[in-house]
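Next come the chains, spelled out residue by residue.
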Amino acid sequence: MTGDPDDGVVDLHPGRVQVEVDPRNRQALPDPLARREKESGQVEKAANEQSEPPGHGGLAWRVPSRGSHHPPRPLAPGDVVAAFCDELGEWSAAQIISLEPHDRQADVLDLDWSGAEPHDVADLGELKPLKLTLPGQRGVAQCHREWVLPRGHKNLGPAPLLTTRASLAWTLGWHTGFHLHLQRRWDAGLHGEPENERVHALDGDAVDVLPAGASFPDIRSLFVRGANTIDGARVVSAYPNLTHLNLWGKLSRLINASALNGLHRLRRFEVHDVFGMIPEDCLDPEQLTQLEYVDLDGVPADYAMAMRRAWTPEVGKGVFLRVSRAREPEWVKENLDNPLREWDGREGISARTYRRALTAWKQSTRPILEALLTPTAGVVQRALLIALGRDFARAFAEVSGPSYILETDELGELLDALQNLITTAPAAPGVDREEAIRALFEGIDQHGYW
């Protein structure tokens with residue numbers, strides 16, 4: 001977090017547009033404030049209900065608000081809002097500095113206050129902005145958020161603006177009171193990372209190898225990454241009191257998805273690149289009355305449509321709803337072995353660029369695979385692979401073009417995909433895969449684009 005010491009304004013995530021998941025998740029993510037850029041490397045803008053543009057094989061929707069110039073719940077500059085903060089064990093508050101209808105965002109300033117549930121602005125006493133003095137985080141805590149005021153928040157009414165300066169930071173999720181919690185820990189001399197025993201992060205299929213009857217009733221947030229199969233019934237049985245469920249798959253399969261309606265305390269539901277759900281698995285607004293954040297990215301199209309139909313009426317009650325890159329069954333079948341499938345429908349990458357990238361991948365990796373299968377003297381093969389590395393870089397430099405459509409994230413994903421290809425592809429006896437990777441990367445570096 002940085003800020004100009006002269007104006008005392010802190011950007012929670014300086015220098016780039018960020019997406020933040022629950023900042024209370026400290027075991028799952030290494031960042032001190034638990035910021036999460038999508039693991040695919042994609043950096044998205046917090047676009048409120050507006051979804052990403054659809055790509056080949058995908059559908060996307062924009063969830064309607066009360067109007068293009070009004071948030072779904074009444075909200076105006078100067079309004080003071082409050083919510084209960086689990087970490088503080090009390091209510092905390094913030095002030096709306098401005099609204100941006102075009103981006104459907106609210107610029108929000110955290111207040112230095114906590115206490116019993118307030119009923120109006122007067123209950124807060126003198127309004128003071130939260131000033132952070134954490135290492136590297138000095139100034140006023142202020143950030144853009146989606147302009148859907150979560151159903152767990154209440155609007156206490158207007159008050160004179162404490163600042164008119166705009167924040168240059170963006171986040172998804174309100175988490176009112178959390179930064180006040182961090183500041184108070186620091187002021188009390190607790191300078192280490194706060195332990196969070198209410199968070200579990202599971203990689204691979206760990207969620208499906210839990211001991212029979214395992215139960216973690218104190219866990220509030222569960223993050224599952226890269227599992228082939230996720231059993232919704234097992235999740236509910238092991239984690240009955242979740243408030244936040246994040247499933248980040250790789251064309252993963254969610255079975256018994258309707259069982260998730262048993263998570264009656266759930267407030268936040270995020271799913272990425274997970275399939276297997278059908279319309280009948282749709283989460284039920286009548287059962288999940290506390291749910292206030294639904295983000296579906298890369299899910300079955302019919303399930304996405306059912307979720308949209310069920311939850312769009314809840315937006316006006318304070319539910320953030322985003323559905324992007326809904327996929328048809330044919331798309332899933334066609335992309336099982338496609339390392340660039342994350343680019344299909346990604347913001348900033350057009351359908352034409354995606355098709356060109358797929359062509360470049362196929363054409364530039366074909367000779368690499370052939371080289372791995374050809375018994376050749378080490379020096380000769382190394383020279384060949386260096387040359388093929390230059391060809392690989394040249395192909396994607398042409399895809400990116402003079403406007404550099406492919407940014408750092410995409411280039412990193414290409415290198416990861418290439419390394420994975422060399423690690424798993426068939427090869428002639430005696431081929432040193434690690435040496436092959438080094439030779440290819442040397443050729444890529446020689447081209448200079450990376």
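Relevant structure appears above.
All of these numbers come straight from a predicted model, not from anything done at the bench. (Residues numbered from 1 in each chain as written. Predicted model: local features only at pLDDT ≥ 70, side-chain atom pairs only at ≥ 80, totals over all residues. Heavy atoms only, no water.)

**Student:** How should the overall build of the chain be read in this particular structure?
**Tutor:** Helices and strands together make up the secondary structure of the chain, namely eight helices and 16 strands. Here the chain, with 450 residues, has 54% of them falling under the buried criterion. With the model as given, the accessible surface of the chain reaches about 19600 Å², and the carbon-plus-sulfur share is 51%. (Helix = DSSP H or I, 4+ residues; strand = E, 2+ residues; numbered from the N terminus. Buried < 20%, exposed > 50% of the residue type's maximum accessible area, 1.4 Å probe, protein only. Areas by Shrake-Rupley, 256 points an atom, 1.4 Å probe, with all protein chains shown as cover.)

**Student:** Explanation requested: the packing of helix 6 (residues 378-400) against helix 8 (residues 433-447) in the structure shown.
**Tutor:** When two helices pack together, their arrangement is given by the angle between the helix axes and by the axis-to-axis distance. Axis separation between helix 6 and helix 8 bottoms out at 7 Å; the angle between their running directions is 50 degrees. The angle between helix 6 and helix 8 falls in the class oblique. Here the hand of the crossing between helix 6 and helix 8 comes out right-handed. Where helix 6 approaches helix 8, its residues Arg382, Leu385, Ile386, Leu388, Gly389, Arg390, Phe392, Ala393, Arg394 and Ala397 are matched on the opposing element by Glu435, Ala436, Ala439, Leu440, Glu442, Gly443, Ile444, Gln446 and His447. (Axes fitted to C-alpha atoms, helices over the stretch in contact; angles between N-to-C directions. Parallel < 35°, antiparallel > 145°, perpendicular 65-115°, else oblique. Left-handed = near helix turned anticlockwise from the far one by under 90°. Contact = heavy atoms within 4.5 Å.)

**Student:** How do you make sense of the environment of glycine 430 when you look at a structure like this?
**Tutor:** Take glycine 430: it is sitting in the loop between helix 7 (408-424) and helix 8. Along the sequence, glycine 430 and leucine 372 sit 58 residues apart, while their C-alpha atoms lie 10.0 Å from each other.

**Student:** Is there a simple way to explain helix 8 in this structure?
**Tutor:** A rise of 1.5 Å per residue sets the reference length of helix 8, with its 15 residues, at 21 Å; its end C-alpha atoms lie 22 Å apart and thus fit the reference within 8%. When we look at burial in helix 8, the residues that qualify are Ala436, Ile437, Ala439, Leu440, Gly443 and Ile444. Each buried residue of helix 8 sits inside an arc of 165 degrees when the element is viewed along its axis, so together they form one side. What points out from helix 8, more than 90 degrees from its buried face, is the exposed set Glu434 and Asp445. Tucked into the core, helix 8 has its buried residues touching helix 5 (351-373), helix 6 and helix 7. Of the residues flanking the start of helix 8, the one acting as N-cap is aspartate 432, its side-chain oxygen 3.1 Å from the backbone nitrogen of glutamate 434. (Expected span 1.5 Å × (residues − 1). Arc of directions from axis to C-beta. Polar contact = N/O pair within 3.5 Å; in protein donor to acceptor, adjacent residues only side chain to side chain.)

**Student:** How should a negative patch on the surface be read in this particular structure?
**Tutor:** A surface patch of like charges, here negative, comprises Glu280, Asp302, Glu328, Glu330 and Glu334. Secondary-structure assignment places glutamate 280 in the loop between strand 14 (268-275) and strand 15 (293-297). (Patch = residues over 30% accessible without salt bridge, like charges linked within 9 Å, V, L, I, M, F, W, Y side chains within 5 Å. Salt bridge = Lys/Arg side-chain N within 4 Å of Asp/Glu carboxyl O. Lys, Arg positive; Asp, Glu negative; His and termini not counted. Charge placed at Lys NZ, Arg CZ, Asp CG, Glu CD.)

**Student:** What is the right way to look at the environment of valine 315 in this model?
**Tutor:** Structurally, the position occupied by valine 315 is in the loop between helix 3 (301-311) and strand 16 (320-327). You can call valine 315 buried: its relative accessible area is 2%. Between the C-alpha atom of valine 315 and that of arginine 151, which follows or precedes it by 164 residues, the distance is 9.2 Å.

**Student:** Honestly, the pattern of salt bridges in this entry has me stumped. Any pointers?
**Tutor:** Oppositely charged side chains can form a pair if their charged atoms are brought close together. One pass over the structure, following the stated rule, counts 18 salt bridges. Note that arginine 267 is salt-bridged to aspartate 86, the shortest N-O span being 3.0 Å. Placement of the pair is arginine 267 in the loop between strand 13 (244-255) and strand 14 and aspartate 86 in the loop between strand 4 (79-85) and strand 5 (90-100), with a sequence separation of 181 residues. Here arginine 267 falls in the partly exposed class, since its relative accessible area comes to 23%. Exposure remark for aspartate 86: the relative accessible area of 39% places this residue in the partly exposed category. With a closest N to O distance of 3.3 Å, glutamate 314 and lysine 317 form a salt bridge. Looking at lysine 317, the relative accessible area reads 46%, which means it is partly exposed. Through salt bridges with shared partners, a single ionic network connects Arg382, Glu435, Arg438 and Glu442.

**Student:** What should I look at first to understand the nonpolar core in this one?
**Tutor:** For soluble globular proteins, the rule of thumb is that nonpolar side chains tend to be buried together. Grouped together as the largest cluster of nonpolar side chains are 40 residues, with contacts concentrated most on Leu242, Leu245, Leu260, Phe269, Leu283, Leu296 and Met307. Counting only elements with at least two residues in this core, the list comes to strand 11 (221-225), helix 2 (232-238), strand 13, strand 14, strand 15, helix 3 and strand 16. Tallying contributions element by element places helix 3 first for this core, with six residues. In this structure, methionine 307 is in contact with Phe269, Cys282, Leu283, Val294, Leu296 and Thr312, ignoring residues within four places of it in sequence. (Core = buried A, V, L, I, M, F, W, Y, C linked by side-chain atoms within 4.5 Å.)

By themselves, these figures tell us nothing about what the structure is for.
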